[in-house]
Structure formats: structure tokens, C-alpha cells
Amino acid sequence: MSEKIDHVVIGAGVIGLAIARELALAGREVIVLEAAPIIGSGISSRNSEVIHAGIYYPQNSSKAFHCVRGKQLLYDYCQSNHIEHRRCGKLIVAGNAEQQEMLKQVYQKGLANGVSDLRFLSKTDVMQLEPELEVYSAIMSPSTGIIDSHGLMTQLHADIERLGGMVVCNTPVQSGELEGGEWHLQLNDQEQSRIRCKRVVNATGLSAVSLAKALTTDSNHLPQAAFAKGSYFSLSGKAPFSRLVYPLPEAGGLGVHYTLDLQGRGRFGPDVEWIDNIDYQVDASKVAAFKHRVADYWPGVEARELQPDYAGIRPKLMREGQPAEDFVIQNGASFGRAGLFNLLGIESPGLTSCLSIAQDVAQLVMQPITD
Ligand SMILES: Cc1cc2nc3c(=O)[nH]c(=O)nc-3n(C[C@H](O)[C@H](O)[C@H](O)COP(=O)(O)OP(=O)(O)OC[C@H]3O[C@@H](n4cnc5c(N)ncnc54)[C@H](O)[C@@H]3O)c2cc1C
């Protein structure tokens with residue numbers, strides 16, 4: 001096979017699908033190539049399914065901008081397309097006076113990012129809302145919610161096809177060459193299986209840095225890739241809270257928090273475990289550590305009610321102990337690979353940000369190539 005198409009998006013997770021939809025909305029010819037047999041089986045189906053408000057990220061960062069804009073776009077999209085979601089709100093809790101000082105910094109960050117509906121709650125206020133919580137104080141974030149991420153991806157897929165685009169599964173992209181201003185992508189392992197295109201978007205999540213290497217001759221402009229696994233334990237008993245409950249953020253993640261799914265089942269996670277290889281097994285022996293961490297805000301937790309559930313892996317661009325990196329959106333024109341766009345380190349809040357990232361990336365992709 002050697003076909004020619006204008007735009008190829010590699011990766012049918014929430015980011016690749018949202019970008020392809022945006023290109024299709026603009027009337028562009030687009031195809032999404034996905035390695036797995038189904039869409040959305042990567043990071044996009046192994047997360048907390050939370051629509052984040054945009055609180056934690058450094059002011060003026062890409063994460064803050066896309067999260068705040070993306071949240072509104074996502075709520076509107078869910079509403080218009082009947083995608084299941086709930087604006088359930090979230091509490092970020094402090095366990096003592098010292099933590100309350102850190103909570104104030106989180107609050108200031110949220111304000112700086114334009115999250116204007118946050119409010120401080122005293123212990124008494126919190127107990128009225130969630131009687132089983134035992135905390136010193138909390139911040140309430142009313143615009144945080146939960147979403148059916150599969151429903152979202154199914155709708156994005158449907159939009160792409162309705163607008164004339166296509167999603168092709170079981171089609172891993174191995175490498176690519178830029179020849180005479182045109183990309184030649186090598187698919188599968190068969191030499192004759194190639195596709196030609198003008199623009200390539202690399203939205204391959206955990207593989208994005210390694211695929212970016214296979215699409216360039218010089219990898220100096222590429223950041224290092226690392227993986228931080230996050231495991232979840234589900235709660236077999238009755239859900240104790242009606243809102244999401246987060247402790248203060250920790251290095252590499254937002255802390256072992258309580259989330260609800262749309263059926264009202266509770267779960268705790270994700271922790272942060274730096275790993276070398278992709279492995280989704282949840283280590284059942286972590287139950288004691290989970291119970292200990294959850295007991296900081298919910299003393300009623302019982303280890304026997306915590307069941308190993310699932311794990312997700314964060315695509316990090318820094319090693320353990322280094323400062324957190326922002327989302328990276330690379331335009332290959334700046335390093336001699338015109339027509340290539342790499343999306344690197346799209347960790348949380350990538351799900352919330354997908355429609356906002358898609359708008360910016362589609363604008364970038366549709367600009368004339370000047371290189
Ligand atoms: C534990 C955890 C919790 C999170 N919680 C939240 C949350 O609550 N809220 C939030 O906003 N964000 C959250 N996130 C972040 C969010 O899930 C991600 O940012 C988002 O899903 C990334 O989507 P993606 O499309 O970039 O990656 P993916 O969903 O992984 O999609 C990439 C796709 O590319 C495919 N692929 C890989 N290599 C190739 C190749 N060579 N050729 C073709 N296809 C290929 C893969 O099969 C995959 O389907 C969380 C992330 C983690 C890990």
C-alpha cells in the first residue's frame with residue numbers, strides 16, 4: 001500500500017482524536033493511524049476521568065492555559081453531544097495548620113490561572129458538606145467534574161467520520177522520511193506498506209518521544225522521556241463522599257485522591273511510581289500504604305474494602321526529583337522537519353485540555369510551511 005493524504009494524525013487517544021476532529025471541522029483531509037485494535041486504549045482510558053479546574057499549574061504555563069480553556073470547551077461539548085459527565089465539585093484538603101499554608105499557595109495559583117470560583121472552607125463547613133472527612137480546612141472547587149472518557153472518544157471518532165475523516169486501527173507507524181517536502185511514513189513491518197502526506201501529527205502518548213526520534217535524523221531537540229505509573233484501588237463499600245477529595249499535591253502527581261465514577265463507585269489513586277518499562281499490573285501489597293495515605297483525610301477507611309483496580313502511566317519529560325515539565329508542542333519546521341508536529345509529555349490535565357490543545361495544534365498545522 002502507498003497512499004497519499006494531506007494530514008496524518010498518529011495515535012487515536014483523546015489528543016489525536018481531538019486534533020483530527022478539529023482538522024476535519026476546518027475541511028481538511030485527515031486520517032488517524034492507531035497501532036492498537038481499538039481507539040483510546042492508552043493513557044486516555046487509564047486515568048481519573050476528572051475534568052480539572054486548572055488550579056495547580058504554574059501561571060502562564062501551557063497546562064494552565066489549556067486546562068482552563070479546555071474545561072469550558074469540554075463541558076460545552078459534553079452538553080451538546082450528550083456525553084455523560086457531572087460537575088460534582090472537589091475539595092482539596094489540609095490536615096493541619098502547616099498544610100493550610102500550602103493550601104493557601106494552591107488557592108493563589110488557582111486565582112492566578114483564572115479559576116475564580118474557589119472558596120476556602122473551615123473544618124465546620126467541610127463537615128457539613130462531607131461528614132466523614134476529617135480535615136483542618138479545605139478549598140472547594142465547584143467547576144471540577146467527572147466525565148465518561150470513552151463516551152468522549154466515541155463522539156470525537158464519530159465527528160471525524162461524519163466530517164469525512166477516517167480512523168484506521170491496527171496500523172502502527174514505525175518511522176518516516178521527509179523527501180521533497182512530502183512525508184513517507186512506514187507502517188507495520190512491511191517495506192511496501194507506506195503512506196505519503198504533507199503534515200504529520202505525532203500524538204502517540206507514551207511512545208511520542210520514541211516515535212519523534214524515528215521521524216528525525218537529529219534527536220538533540222527532543223526531551224528525555226520517563227514513565228511514572230499511578231495505581232488505583234477501588235472501594236468496595238458505600239461511597240463515603242459525594243464530591244472528589246484531593247490531598248495536597250505531591251512530586252509527580254496530585255496525591256492519592258478520592259474520585260467517583262459516573263455510576264457512583266469510589267476509588268483512590270493514583271500514587272507515583274517511577275518505572276522503566278510499561279507494566280499495568282497493580283501491586284496488591286500496596287494496600288497498606290494506600291490505607292495509610294487515605295486515613296489522613298478519611299479515618300473510616302478499611303484496608304479490606306480496598307481492591308486493586310487499574311493503573312495508568314504518565315508520559316513524563318523529566319526524571320524523578322526534577323521539576324515538573326509543561327506540555328511540549330513541537331513544530332518540526334524549527335529543526336528541519338517541516339510538516340511534523342510532536343505532542344510530548346501530554347500528562348494530566350491532558351484529558352481536560354484535549355479540545356483546547358486541538359484548536360491550537362490545528363491552527364499550527366494549517367499554517368503554510370515556510371521552511
Ligand atoms: C494515572 C493518570 C491519571 C490521569 N488523570 C487525568 C484526569 O483526571 N484528568 C485529566 O485531564 N487528565 C488526566 N490524565 C492525563 C490524560 O489521561 C492524558 O493526558 C491523555 O489521556 C493523553 O492522551 P493521548 O491521546 O496523548 O495519549 P493516549 O491515550 O495514550 O493515545 C496515544 C495513542 O497512540 C497510539 N500509538 C502509540 N504508538 C503508536 C504508533 N507508533 N503508531 C500508531 N499509534 C500509536 C497508542 O496505542 C494510543 O492509543 C491522567 C493520566 C494518568 C496517567
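Details of the structure are given in the entry above.
For clarity, every value in this text was computed on a predicted model and none was experimentally measured.

Next up on the list: the side chain of His7. Within the fold, His7 resides in strand S1 (residues 2-10). The residues touching His7, leaving out its near neighbours within four places in the chain, are Leu23, Arg28, Glu29, Val30, Ile31, Arg199 and Val365.

For the rest of this paragraph, the subject is the sheet that holds strand S3 (residues 50-51). Pairing within the open sheet is antiparallel, and its 3 strands lie in the order S3-S8-S4. The open sheet has two edge strands with one neighbour each: S3 and strand S4 (85-86). Two strands pair when backbone bridges link them, and S4 and strand S8 (residues 145-147) are joined in this way by 2 bridges, in the antiparallel orientation. Across the sheet, His85 pairs through a bridge with Ile147, a residue of S8.

Once that is clear, we can look at the site of the ligand. Residues in contact with the ligand amount to 37 residues; listed here are only the nearest, Glu34, Ser44, Val50, Ile346 and Thr352. Computed on the free molecule, the ligand has an accessible area of 1000 Å², of which 94% lies beneath the protein chains in the complex. Secondary-structure elements contributing two or more residues to the shell around the ligand are helix H1 (14-25), strand S18 (306-316) and helix H8 (350-366). Residues that form the shell around the ligand fall into these classes: 17 nonpolar, 15 polar and 5 charged.

This brings us to the packing of aromatic side chains. Using the criterion set out here, one finds 8 aromatic pairs in the structure. When the centroid spacing of 5.3 Å and the interplanar angle of 50° are considered together, the rings of Tyr258 and Phe268 count as tilted. In this pair, Tyr258 sits in strand S15 (residues 257-260) while Phe268 sits in strand S16 (residues 266-269), placing the two residues 10 residues apart along the sequence. Here Tyr258 matches Phe268 in class, with each residue buried. Ring geometry for Phe268 versus Trp298: centroids 6.0 Å apart, planes at 20°, classification stacked. In this pair, Phe268 is assigned in strand S16 and Trp298 in the loop between helix H7 (287-295) and S18, connecting sequence segments 30 residues apart. Of the two residues examined, Phe268 and Trp298, each falls in the buried class. Here the aromatic residues Phe241, Tyr258, Phe268 and Trp298 are joined through ring pairs into a cluster of three or more. The ring of Tyr232 has Arg267 sitting right over it, with the charged end atom 5.8 Å from the ring centre.

Rules behind the numbers
- Residues numbered from 1 in each chain as written.
- Predicted model: local features only at pLDDT ≥ 70, side-chain atom pairs only at ≥ 80, totals over all residues.
- Heavy atoms only, no water.
- Helix = DSSP H or I, 4+ residues; strand = E, 2+ residues; numbered from the N terminus.
- Contact = heavy atoms within 4.5 Å.
- Pairing = 2+ DSSP bridges.
- Near = heavy atom within 4 Å.
- Areas by Shrake-Rupley, 256 points an atom, 1.4 Å probe, with all protein chains shown as cover.
- Nonpolar A, V, L, I, M, F, W, Y, C, P; charged D, E, K, R; others polar.
- Phe/Tyr/Trp six-rings, centres within 6.5 Å; stacked < 30°, edge-to-face > 60°.
- Buried < 20%, exposed > 50% of the residue type's maximum accessible area, 1.4 Å probe, protein only.
- Lys NZ or Arg CZ within 6 Å of the ring centre and 35° of its normal.

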